[in-house]
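Understanding the architecture of this molecule
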Amino acid sequence: MNRLIFIFLFFASFIGTSCAQNLEKQISSVVKTFTQGGDSHDLAKLESSLHADYRMVWHDGQNAQAFIADKATFVDKVKSKEWGGDSRKVRIEEVHIISEANAYVKATLQGDKADFFSHYTLINSEGKWQIVHELVTAQFK
């Protein structure tokens, strides 16, 4: 009996770990797709990665006030090529799954023009993970 309980617990923990790793991959993939969309000015990748209520907050201490952009503003700046166009390497530093509906990602985006230090909040709406909030600072080269 104890052996059966041990086997059950072993497989249950394996399945739980596997599911969490799969969620981490899904969530990380959204951040990478978002970055690729900005880097290549691919609006379809941006649109699919960003929730309708997306907000980006940029506050690097250089200015007294933070710059806040909604989804439309962000996409327009990438579309006009005011933003984006760098080839950045994405380093996911942390993925924290809060629940099956909410997650947090800390990432560093290293590029030729600048390095970005971003914190993302993602939500799972209708089975699709999307970025709803981004807090970002940057070091320009």
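Reading the values: the criteria
Residues numbered from 1 in each chain as written. Predicted model: local features only at pLDDT ≥ 70, side-chain atom pairs only at ≥ 80, totals over all residues. Heavy atoms only, no water. Salt bridge = Lys/Arg side-chain N within 4 Å of Asp/Glu carboxyl O. Helix = DSSP H or I, 4+ residues; strand = E, 2+ residues; numbered from the N terminus. Buried < 20%, exposed > 50% of the residue type's maximum accessible area, 1.4 Å probe, protein only. Polar contact = N/O pair within 3.5 Å; in protein donor to acceptor, adjacent residues only side chain to side chain. Contact = heavy atoms within 4.5 Å. Core = buried A, V, L, I, M, F, W, Y, C linked by side-chain atoms within 4.5 Å. Pairing = 2+ DSSP bridges. Axes fitted to C-alpha atoms, helices over the stretch in contact; angles between N-to-C directions.

Before going further, it helps to spend a moment on the pattern of salt bridges. When charged atoms on two side chains of opposite charge get close, those side chains can pair. All chains considered together, the criterion is met by 6 salt bridges. When the shortest N-O distance is used, the salt bridge between Glu82 and Lys77 registers 3.1 Å. Across the salt bridge formed by Asp115 and Lys141, the nearest N and O atoms sit 3.2 Å from each other. Within this pair, whereas Asp115 is found in strand 5 (residues 114-125), its partner Lys141 is found in the segment after strand 6 (128-140), the two being separated by 26 residues in sequence. A relative accessible area of 64% means that Lys141 is categorised as exposed. In this structure, a network of salt bridges that share partners links the residues Arg91, Glu93 and Lys106.

So, about the side chain of Gln130. Structurally, Gln130 is set in strand 6. A polar contact of 3.2 Å, which involves the side chain of Gln130, links it to the backbone oxygen of Ser48. Excluding anything up to four places from it in sequence, Gln130 contacts Val30, Glu47, Ser48, Ser49, Leu50, His51, Thr121, Leu122 and Ile123.

Within soluble globular proteins, side chains that are nonpolar tend to cluster in buried spots. Ranked by size, the top nonpolar core spans 27 residues in total, and within it Phe34, Met56, Phe74, Val105, Tyr120, Leu122 and Ile131 carry the most contacts. Within the residue set of this core, elements represented by two or more residues are helix 1 (2-39), strand 1 (50-58), helix 3 (71-79), strand 4 (102-110), strand 5 and strand 6. For Leu122, the residues in contact, after removing those within four places along its chain, are Ile27, Val30, Ala101, Asn102, Ala103, Val105, Trp129, Gln130, Ile131 and Val132.

Take the sheet that holds strand 2 (residues 67-70) next. With mixed pairing, 6 strands are arranged side by side in an open sheet as 2-1-6-5-4-3. Bordering the open sheet on either side are strand 2 and strand 3 (89-97), each of which pairs with just one other strand. Ignoring which end each strand starts from, the neighbouring axes of this sheet average 15 degrees apart. Here 4 bridges tie strand 1 to strand 2, and the two strands are oriented antiparallel to one another. Of the residues in strand 2, the one forming a bridge with Arg55 is Asp70. Running at roughly 75 degrees to strand 1, helix 3 makes contact with strand 1, strand 2 and strand 6 of the sheet.

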